[in-house]
Every structure is written in structure tokens, then in C-alpha cells.
Amino acid sequence: MTQIASAFTWLATSSHWSGPGAIGVRIGEHLWYTLLAILLASVIAIPAGLAIGHTGRGRTVAVTCSGALRALPSLGLLTLLAISTTMGIERPIVPATIVLAILAIPPLLAGSYSGIEAVDDEVTDGARACGMTGMQVLRRVELPLAAPLLLGGLRSATLQVIATTTICSYLGMGGLGRFILDGLAVSDYPQMLAGSIVIIVLALATDGLLALATRLLTGPGVRHALALTPQ
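Residues numbered from 1 in each chain as written. Predicted model: local features only at pLDDT ≥ 70, side-chain atom pairs only at ≥ 80, totals over all residues. Heavy atoms only, no water.

- One UniProt comment on the protein, placed under Sequence similarities (unreviewed entry), says "Belongs to the binding-protein-dependent transport system permease family." (UniProt positions renumbered as here; feature names shortened; annotations may be inferred.)

A closer look at the overall build of the protein
(1) Moving on: Each helix and strand in the protein was counted, giving 11 helices and zero strands.
(2) Moving on: Counting from the amino terminus, helix and strand elements in the protein follow one another as α-α-α-α-α-α-α-α-α-α-α.
(3) Moving on: When its C-alpha atoms are laid out on the principal axes, the protein stretches across 70 × 40 × 30 Å.
(4) Moving on: The buried share of the protein, reckoned over its 231 residues, is 39%.
(5) Moving on: Taking the intrachain contacts of the protein between residues at least 6 apart in sequence as the baseline, contacts between residues at least 24 apart amount to 75%.
(6) Moving on: Put simply, the protein shows about 12,300 Å² of open surface, and 69% of that area lies on carbon and sulfur atoms.
(7) Moving on: Between the mean site of the 12 positive side-chain charges and the mean site of the 11 negative ones, the protein shows a separation of 4 Å. (Helix = DSSP H or I, 4+ residues; strand = E, 2+ residues; numbered from the N terminus. Buried < 20%, exposed > 50% of the residue type's maximum accessible area, 1.4 Å probe, protein only. Contact = heavy atoms within 4.5 Å. Areas by Shrake-Rupley, 256 points an atom, 1.4 Å probe, with all protein chains shown as cover. Lys, Arg positive; Asp, Glu negative; His and termini not counted. Charge placed at Lys NZ, Arg CZ, Asp CG, Glu CD.)

What about the nonpolar core?
(1) Moving on: In this structure, Ala41, Ala104, Leu108, Leu109, Val161 and Cys168 are the most contacted members of the largest nonpolar core, which totals 24 residues.
(2) Moving on: Ranked by residues supplied to this core, first place goes to helix 6 (residues 93-117) with 10 residues.
(3) Moving on: Leu108 has contacts with Ile38, Ala41, Ser42, Ala45, Ile46, Gly153, Leu154 and Ala157, leaving out every residue within four places of it along the chain.
(4) Moving on: Formed by 13 residues, the second largest nonpolar core is a distinct cluster that contains Ile23, Phe179, Ala194 and Ala203. (Core = buried A, V, L, I, M, F, W, Y, C linked by side-chain atoms within 4.5 Å.)

Here it is in C-alpha cells:
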């Protein structure tokens, strides 16, 4: 309890909220790294997942690749990418973004193709019978119905990246991981614990916002259908 009290005292110290290494600055850096990784992963995973779910082809490959990506050790991969290229040393944000994006791809990919696959065949067949093209079916029918699972994948990916972005400090970058790494260097345990608390609070707040966004972006008809679906 003493360490926890010391951590909250550290957080309440005004000097830690001002300057280039302030808590607010580190939160901004942490969110920026997270956003870059999620954007990169989304560009790769979501179109691929939608194509797999819509066509029904490539699911086995997607599952295999997702499992392989989940098994990669993030810190080991970050170290490898950082020391194997000059850019990794001069611009550490490049390997860091790649590693975090790799972490985010599996849940985004799974959410995309499973969301489309979950749409009832009778619904898509009816849309095609009305004269819709394949792209219109995907855009107007399958995507709205798949939104809860797709956004669930985004939510899972974002939380994983927020938690793992702490390793960026290993390359001398910013983010909330600085408090943990810098505190470890001088055995400042209240600082380390305070950094961990901020990361947890940030993850919970982000999860809450994404849950709210999922509800707002899911149509009332879809929510009603989900409520009637047996669990």
C-alpha cells in the first residue's frame, strides 16, 4: 500500500505535469504511436478481411497467418528490426510502428471476415435478387450488419497496441513507457507504478470510448437483431 500511495503522490506532483516529459505529453505520444499502428494495420487487415468474408476464399490462410503473427514476440521483433537497418536506429518510429501494426492485424482481420461471414445468406441472396452488385451488397448490406464484430476487432486491436506501445521507450522514444524505463534505471518504483497506473487508466478510458462508438455506429435494427439472437 505504501508504494501505491507513493505512486499517487508522484502523479499528484505538479512538476510532473509540466515540461517536455510531462504526463500529458507522454499520453499524447502514446496515443500518437497507437494511432499510427492502428491506421497501418487497418489499411492492410480490413480490406483483406472484407474480401475473405465476402468471397469465402482464403479463410484458412487468414487464420494461419493470424496465428503466426500472434506468436511473434513483440520486443524481440522490435529489437531485430531496429538493429538490422540504419533507418531503425535513425528513425525508431518506423520499426516501432511496424511491430505494433503486426500486433493489431490479427484482431482486425478476424473481426472483418467473421463479421461478414456472420451475415445470413438469405439476406445477401435477397439483396442480389433485388439487382444489387457484389460491391453494393458488401457496402449496403454486409458492412452495416458486420459493424459490431468489425468494431469489436478494432477495439481489441487498439487495447493490445496501447498496452504494448510501452516497448517504444526501449528505442529511446516517448510514450508512457518512459516512466517505467526511466524509473527502472534509478530504482524509482513510485514512478514506475505511476506510469503503469496511467497506462491502465488510458486503456480503460479508450475501451469505454470505443464501446460507446460501437453502440452509436451500430444501427438500432442491428442491435435489436443481436438482442434477439441466442447466446
